[in-house]
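Spelled out, the chains give:
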Amino acid sequence: MNPDDTIHWLIGRLGVSSLPILPAIENPTASELVGAGAASVAIFGAIGAVIFITWLGAWKTLWFDWLTSTDHKRIGIMYIVLALVMLARGVIEGVVMRTQQAFGLDGGFLAPDHFGELFTTHGTIMIFFVAMPLIAGIANYVMPLQIGARDMSFPVMNQISLGLTATGAALIMISLVIAQFSTGSWAAYPPYTGLDFQPGPGPDYWIWTIILAGIGTTMSGINFAVTIYKERAPGMTLFRMPLFTWTMLCTSIIMIFALPPLTVAALMQAADRYLDFHFFTNDLGGNMMNYVNLFWLFGHPEVYLLVIPAYGVFSETIATFSGKRLFGYNSLVFATMAIAVLSFSVWLHHFFTMGQSANVNIAFGIASMCIAVPTGVKIYDWMATMYRGRIRMSVPMIYAIGFFYLFTVGGLTGVMLANPTISYQVHNTLFLVAHFHNVIIPGVVFGLMSGYFYWFPKAFGFRLHEGWGRAIALFWIFGFSFTFFPLYVLGFMGMPRRSVSYTNPAFEPWMMVALFGAGLIFAALVSLFIQLRVSIRDRENLAVPVGDPWNGRTLEWSTSSPPPHYNFAVPPTVEDRDDFADAKAKGRAYQEPDAYEDIEVPENTPIGMIICVFGTLLGFALVFYIWWLALVSAVVIVVAIIARTFNLSTTRTIPAAEVAEEHRAWLAQVRATKAVTREAETKSTNHGLAGLETAPSDGEPA
Amino acid sequence: MKDGNMTPFSSWRFRPNLLKHAWLLCGVLVLSACNEERNSFLDPAGPIAAAQRTHMFEVIAWTMIAIVPVFVFVPLILWRYRFRNAKARYTPDWEFSGWLDMVMWGVPFVIIIILSSMLWKSTHALDPYKPIASTEAPVNVQVVGLDWKWLFIYPDLGIATVNELVIPVNASVAMDITTDTVMQSILISSLAGQIYAMPGMRTKLHVLADETGTFVGENTQYNGDGFVDQNFQTISMSTEDFAVWVTTVKASGVTLDATTYGRLAVGSTGAQAHETLGSSQMPEGVIYFNQVEPSLFETVLGRYNEGTDIPPAQQPGAVGYVPPSAQGANQ
């Protein structure tokens, strides 16, 4: 073997030219510098994280308490940390694109292929590594607590799901530093993403990112669904489940059925690119229309997968902050299920313009419009929930108001786009970009951000800073409005999406407004991290150890903050839909049980981390044709999984005495704590024990 | 209706006050678009775009029935039932109302039935595959999307152009569309909606301009570095002017044979292709061809359906594409 062959065998198609830092040194244009800057941020960020953890001396804690943990609560938190890191990158990419377009009249500072990479990674990251991990994280944390469970049905699989999601995120971060990502957009339509047109590693990065993360998400869906079906506390019938849990059931059904078409479509692209197949190529019988159908067979349910949990969060927060039962519970459940089922029947509206007959377009157009009915019902149900309530204008309510106004506009443009005749005109223009951001930001982002604020005290035992929370909510609301309403206008003016530049000077003022909006969204991102910093600093004042800072209505508020590993000292017995509200009213809450029992909890395991590390190596090796490394990684993963099955001590027991001691200590703390009324909800006297509301108007008209 | 005339729309035309608002919006948009080339269906120049605009405003109007209550009642409820308002009634356990449920499900349902029937009618009436009734003789155009320009072949006239689509006013223009590279999407917003162009496949689009003018046509499906330059002018002119234009193209054009086509298919913008293939008699960024292989479009279309391998060297748009003449030189 000559030396060249050896090097090729060792590092595949990896080469010095794969590093974006080098072209930036050779040819320091603005575009190259932006790319090199991003790569440096990724590298220094990683180094900085390592130094920080070392400085804290936290490696042991990180490994034993977090990375190898199978506790659904810790896995949930790790999902959210991952999502926030990726959110930072996604938002910054969005701001860079807005800046480019603001100065894009006849040029701008970014090269076209760099802009192509940006919109591809922005879309891929925001959907797969921000929205989905945030949902998986909040659901992981909250859902088992809401149904009175001790953990997920499959704690180890849960850890593996997280590992695979992190693998995808790692690959997309590596693509900042080594070679380029695809320019084929998050939808990756062939033949443009085929080997003929993009022979480089870009589309391969996309393929393995999607496949690895997609498998993780499918497993998450199975885990959530089984947990909801099998792990509910005694008395928690399906129609006593909190609405957030219902929405997670609908979402996990979508995860189970909608992710496989994507994974399969990505695998078929991989077969085309690696094995000379012809599923989607121009020649030899390939047909990209099959890909487009498969992708959107995933893609449309996906957007409901994202927004349905946000509906769940709003159902919880609007009821809680209105001090009222949720209005129209049954309606909301049926509406959610209807949306979940209908979401599988509308995918063709993403390509009315592909040349199928009018009748096909009509069928899918009408199906798409039908989704507006249950969605409308939900909005009205939430309004009726606020009606005759006592509404506290806390952070989640500010998000809810933004949601009511802005999401409704998104719904209107959605109904417009469901009409093939209108879609023919505005499809692929900035109108479409404005529309989907209009449902994803006010719907998904507002919902998840308010969920983050709402459940944060449950997870960490202290509230987030209220003032910063309001600032963040307002930054998001106005940031969204300024950024995306101009894009509707630009769409009407005929500007195609994914345009690096334009020649029509009339576009420029609208682009400047959008850039201002992007600045506000960036301020929201920065404030999010400031809020975290400030809240950690003031955690003594914000502490809510008793666990019920908002006068909550559902089971997750009935345990301490943070909850013990086993969640509940004894499994709660559920008697009502809003069980904890009912328990507080009837004096059932905070009672010492007759007896404590030993509790079995899942033991830690490194399997998720092994799969994460070697999954990343496997993906990287496949992207760069380093076959020996791909083989080694695949073998390690398979052997690790088989070896794991020989491990018979998968649980450990917490003795009843220890449970009793912890629970009695907490109950003593409850008794020693002064209950607060909702007047003092945001004050430092709120230690998480809610007093019964004795307002003059309680129950009776004044 | 079945013959493709637009009259069904007249039966559900607009309430005047709403139309006024609609025009206001258009006015703002048109004023802000202070260039001469029109690029919006809100400023239509043909019956299809005009009907699409009307349909859109009707959809907005009907949807408002469901939306306005949200906009109005949310602030009212928030104010009336604010925490500090001790006078407001408080019913913490109220969770169901039969008639409210009926209204919540019923009203959106009725709106969707109305919108669905409109959708049904409009989708058939504005089906891009359907010829448009016209007073002038129809014109056939074959469209080939290339990286990053459009080739328009007039099969009945024996001419072709790059990045200039000239059509007689009031004539139904029947386009057969394909691409010889990756997927693209052709949109002339002032005249009609878009349709995808896909390799090895034929899609169809009918447009009609009922006034003369210049309209922007563009590719809306991202296809690489030159994507934003893949625009063309659509010029609608009188039948007489059109005949003169055809003569000009015939006089000043160059031959479009396999070799020229191969050079044209190299990834380049219209302006770049004009540099290599055009002449000073042709408009900026535009190329005219006078002798066109009659079967060119069918050849482009059929090549992908022969069941043979097309290596990157023979695939326009591919990274390794080599135009035919250069291939000959290499052999």
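Residues numbered from 1 in each chain as written. Chains lettered and ligands numbered in written order. Predicted model: local features only at pLDDT ≥ 70, side-chain atom pairs only at ≥ 80, totals over all residues. Heavy atoms only, no water.

1. A closer look at the sheet that holds strand β7 (residues 192-197) of chain B
Residues and elements named next belong to chain B.
Here is step 1: Spatially, the five strands line up as an open sheet ordered β4-β10-β9-β6-β7, and their pairing is mixed. Edge positions in the sheet fall to β4 (164-168) and β7, since each of these pairs with one other strand and no more. Taking the axes of each pair of neighbouring strands and ignoring which way they run, one obtains an average angle of 20° across the sheet.
Here is step 2: Both strand β9 (residues 213-219) and strand β10 (residues 231-237) contribute to a ladder of six bridges, which runs antiparallel. (Pairing = 2+ DSSP bridges. Helix = DSSP H or I, 4+ residues; strand = E, 2+ residues; numbered from the N terminus. Axes fitted to C-alpha atoms, helices over the stretch in contact; angles between N-to-C directions.)

2. Concerning the domain arrangement of chain B
All names here are of chain B.
Here is step 1: Domain annotation for chain B reports domain 1 (47-86 + 98-125) and domain 2 (136-305).
Here is step 2: On a C-alpha basis, the centroid separation for the pair domain 1 and domain 2 is 42 Å.
Here is step 3: Contacts between the two partners involve four residues from domain 1, matched on the other side by seven residues from domain 2.
Here is step 4: For the pair domain 1 and domain 2, the two sides together bury roughly 350 Å², of which 58% comes from carbon and sulfur.
Here is step 5: Among the residues domain 1 hides against domain 2, the three largest losses belong to Pro47, Ile48 and Ala49. Together they make up 86% of the total.
Here is step 6: At the boundary of domain 1 with domain 2, the tally comes to zero salt bridges.
Here is step 7: Summed over the shared surface of domain 1 and domain 2, the number is one residue pair in polar contact (both at pLDDT 80 or more).
Here is step 8: Grouping the constituent residues of the side of domain 1 that touches domain 2 by class yields three nonpolar, one polar and no charged. (Domains from an automatic or database assignment. Contact = heavy atoms within 4.5 Å. Buried area = accessible area lost by both parts, 1.4 Å probe. Salt bridge = Lys/Arg side-chain N within 4 Å of Asp/Glu carboxyl O. Polar contact = N/O pair within 3.5 Å; in protein donor to acceptor, adjacent residues only side chain to side chain. Nonpolar A, V, L, I, M, F, W, Y, C, P; charged D, E, K, R; others polar.)

3. Regarding the confidence of the model for chain B
Residues and elements named next belong to chain B.
Here is step 1: Residue-level pLDDT values for chain B average 90, and 87% of them are 70 or greater.
Here is step 2: Low pLDDT (under 50) marks residues 1-16, which in the prediction has 27 contacts with non-local residues, meaning those over four places away or in another chain.
Here is step 3: In the predicted assembly, ipTM is 0.93 and pTM is 0.94. (pLDDT = per-residue confidence, 0-100.)

4. Some words on a nonpolar patch on the surface
Residue and element names in this part refer to chain A.
Here is step 1: Together, Ile7, Trp9, Leu10, Ile11, Trp628 and Val632 line one region of the surface with nonpolar side chains, adding up to about 550 Å² of accessible area.
Here is step 2: Elements with a contribution of two residues or more to the nonpolar patch: α1 (3-11) and α22 (627-645).
Here is step 3: Counting residues per element, the nonpolar patch draws most heavily on α1, at four residues. (Patch = residues over 30% accessible without salt bridge, like charges linked within 9 Å, V, L, I, M, F, W, Y side chains within 5 Å. Areas by Shrake-Rupley, 256 points an atom, 1.4 Å probe, with all protein chains shown as cover.)

5. Some details on the interface of chain B and chain A
Here is step 1: Contact residues are listed per partner, giving 97 residues for chain B and 101 residues for chain A.
Here is step 2: Across the chain B/chain A interface, buried area totals approximately 8,800 Å², and carbon plus sulfur atoms make up 67% of it.
Here is step 3: Its salt-bridge partner being Arg84 of chain B, residue Glu679 of chain A comes within 2.8 Å of it at the nearest N-O pair.
Here is step 4: The interface formed by chain B and chain A holds 34 residue pairs in polar contact (both at pLDDT 80 or more) in total.

6. Here we look at the nonpolar core
Here is step 1: Judged by nonpolar contacts, the single largest core of 228 residues is most densely connected at Trp206, Trp382 and Trp476 of chain A.
Here is step 2: Considering each element in turn, this core owes the most residues, 18 residues, to helix α16 (residues 430-460) of chain A.
Here is step 3: When near neighbours in sequence (up to four residues on either side) are disregarded, Trp476 of chain A contacts Tyr399, Ile441, Val445, Phe446, Met449, Ile521 and Ala524 of chain A.
Here is step 4: Formed by 62 residues, the second largest nonpolar core is a distinct cluster that contains Ala45, Phe152, Ile167 and Val292 of chain B. (Core = buried A, V, L, I, M, F, W, Y, C linked by side-chain atoms within 4.5 Å. Buried < 20%, exposed > 50% of the residue type's maximum accessible area, 1.4 Å probe, protein only.)

7. Observations concerning the pattern of salt bridges
All names here are of chain A.
Here is step 1: For the structure shown, the criterion picks out 26 salt bridges over all chains.
Here is step 2: Here Arg273 ties to Asp204 by a salt bridge, and the two come within 2.7 Å at their closest N and O atoms. One end of the pair, Arg273, is in helix α9 (residues 243-275); the other, Asp204, is in helix α8 (residues 202-230), with 69 residues separating them in the sequence.
Here is step 3: Where Arg392 meets Glu681, a salt bridge forms, and the shortest distance between an N and an O atom there is 2.8 Å. Residue Arg392 is located in the loop between α13 (372-386) and α14 (395-417), and its partner Glu681 is located in the segment after α23 (656-672); the two are separated by 289 residues in the primary sequence.

8. Looking at the side chain of Asp272 of chain A
All names here are of chain A.
Here is step 1: Relative to the assigned elements, Asp272 resides in helix α9.
Here is step 2: Arg273 provides the closest opposite charge to the buried, salt-bridge-free Asp272, at an N-O distance of 9.0 Å.
Here is step 3: Once you skip the residues sitting within four places of it in the chain, Asp272 turns out to touch Phe277, His278, Phe279, Phe280 and Thr281. (Lys, Arg positive; Asp, Glu negative; His and termini not counted.)

9. Looking at the environment of Ile153 of chain B
Residue and element names in this part refer to chain B.
Here is step 1: Examined against the element boundaries, Ile153 turns out to sit in strand β2 (residues 149-154).
Here is step 2: Sequence spacing of Ile153 and Val286 is 133 residues, and the spatial spacing of their C-alpha atoms is 13 Å.
Here is step 3: With sequence-adjacent residues up to four places away left out, Ile153 is seen in contact with Asn140, Val141, Gln142, Val144, Ile159, Ala160, Val292, Leu296 and Phe297.

10. Description of the confidence of the model for chain A
Residue and element names in this part refer to chain A.
Here is step 1: Confidence in the prediction of chain A, expressed as mean pLDDT, is 95, and 98% of residues score 70 or more.
Here is step 2: Averaged pLDDT values for the elements of chain A fall to 78 in helix α2 (residues 21-26) and rise to 98 in helix α17 (residues 466-492).
Here is step 3: For residues 695-702, every residue scores under 50 in pLDDT, and the model assigns this stretch 15 contacts once sequence neighbours within four places are set aside.

11. So, the UniProt feature "transmembrane region" (unreviewed entry) in chain B
Residues and elements named next belong to chain B.
Here is step 1: Following the UniProt record, one finds the feature "transmembrane region" (unreviewed entry) at residues 59-79 and 99-120.
Here is step 2: Here residues 59-79 runs as 100% helix and 0% strand, with 31 Å between its end C-alpha atoms.
Here is step 3: Here residues 99-120 is 100% helix and 0% strand, with 31 Å between the C-alpha atoms at its ends. (UniProt positions renumbered as here; feature names shortened; annotations may be inferred.)

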